[in-house]
Amino acid sequence: INNLYTKYNNFKKIPSDFYKEYVKVIQVSNKVWEEAKKNNNYELFKPHLKKVIEVTKQYYRYINNKNNLYDVMLNEYEYNIFRQERIYVQKHRLH
């Protein structure tokens, strides 16, 4: 429940106008990706991928602009595990 509450609070930090743009960029890029994949044409998708990366970074900056962007993004999927901890865990799994 705490994780759900955190996600809800994070979502509230994102301005609605930006979120509408974000969703539109993702939807358009998905359509272009299908076409590019079908025609084996990465160049068609490339500018859309750049835009997806830009808006995704901005999305996570709205959530938390104080911490390292990678940590903020990682926290979305691995709650409360940050970059240094993950590196430590991965390093010790190999041995």
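Just above sits the structure.
The model shown is predicted, which means the values in this text are computed figures rather than measured ones.

Participant: Explain the side chain of S29 to me, using residue names and the numbers behind them.
Facilitator: Relative to the elements of secondary structure, S29 occurs in helix α2 (residues 16-38). Within the structure, the side chain of S29 is placed 2.9 Å from the backbone oxygen of I26, a separation counted as a polar contact. Those residues within four positions of S29 in sequence are excluded, and the remaining contacts are F45, H48 and V52.

Participant: Explain the packing of α2 against helix α3 (residues 42-63) to me, and be specific about the residues and the numbers.
Facilitator: Running from amino to carboxyl end, α2 crosses α3 at an angle of 150°, the nearest separation of the two axes being 9 Å. One element, α2, and the other, α3, form an angle in the roughly antiparallel class. The hand of the α2/α3 crossing is left-handed. In contact with F18, Y19, E21, Y22, V25, I26, V28, S29, V32, W33, E35 and A36 of α2, α3 contributes L44, F45, H48, K51, V52, V55, T56, Q58, Y59 and Y62. Its residues assigned to classes, the contact of α2 with α3 shows 15 nonpolar, 4 polar and 3 charged.

Participant: Before we move on, could you go through the nonpolar core and cite the residues and values that matter?
Facilitator: In terms of nonpolar packing, the biggest core is built from 10 residues, these being I14, F18, Y22, V25, V52, V55, Y59, Y60, I63 and V72. Going through the elements one at a time, α2 and α3 are the ones with two or more residues in this core. Broken down by element, this core gets its largest block of residues, 5 residues, from α3. Sequence-distant contacts of Y22, defined by excluding residues within four places in its chain, comprise V55, T56 and Y59.

Participant: Could you give an account of the pattern of salt bridges, naming the residues involved and the relevant values?
Facilitator: Close approach of charged atoms allows side chains with opposite charge to pair. Summed over all chains, the structure comprises 2 salt bridges. Among the salt bridges present, the one from K51 reaches E21, with a minimum N-O distance of 3.5 Å. Of the two residues, K51 sits in helix α3 while E21 sits in helix α2, which places them 30 residues apart along the sequence. Overall, the relative accessible area of 32% leaves K51 in the partly exposed class. In this structure, E35 and K38 form a salt bridge, with 3.8 Å as the shortest nitrogen-oxygen distance. Here the residue E35 and the residue K38 both occupy positions in helix α2, the gap between them amounting to 3 residues, near one helical turn.

Participant: If you had to explain α3 to someone new, which residues and values would you point to?
Facilitator: Here α3 is 22 residues long and its end C-alpha atoms lie 31 Å apart, about the 32 Å a rise of 1.5 Å per residue gives. Every buried residue belonging to α3 is among F45, V52, V55, T56, Y59, Y60 and I63, and all of these are buried. Here the buried face of α3 lies against α1 (2-12), α2 and α4 (69-77).

Participant: Explain the environment of K13 residue by residue, including any values.
Facilitator: Position of K13 relative to the elements: it lies in the loop between α1 and α2. K13 sits 50 residues away from I63 along the chain, and the two C-alpha atoms are 5.9 Å apart. In contact with K13, other than residues within four places in its own chain, are Y62 and I63. There is a polar contact of 3.1 Å between the side chain of K13 and the backbone oxygen of I63.

How each quantity is defined
Residues numbered from 1 in each chain as written. Predicted model: local features only at pLDDT ≥ 70, side-chain atom pairs only at ≥ 80, totals over all residues. Heavy atoms only, no water. Helix = DSSP H or I, 4+ residues; strand = E, 2+ residues; numbered from the N terminus. Polar contact = N/O pair within 3.5 Å; in protein donor to acceptor, adjacent residues only side chain to side chain. Contact = heavy atoms within 4.5 Å. Axes fitted to C-alpha atoms, helices over the stretch in contact; angles between N-to-C directions. Parallel < 35°, antiparallel > 145°, perpendicular 65-115°, else oblique. Left-handed = near helix turned anticlockwise from the far one by under 90°. Nonpolar A, V, L, I, M, F, W, Y, C, P; charged D, E, K, R; others polar. Core = buried A, V, L, I, M, F, W, Y, C linked by side-chain atoms within 4.5 Å. Buried < 20%, exposed > 50% of the residue type's maximum accessible area, 1.4 Å probe, protein only. Salt bridge = Lys/Arg side-chain N within 4 Å of Asp/Glu carboxyl O. Expected span 1.5 Å × (residues − 1).

The analysis is restricted to geometry; functional conclusions fall outside its scope.
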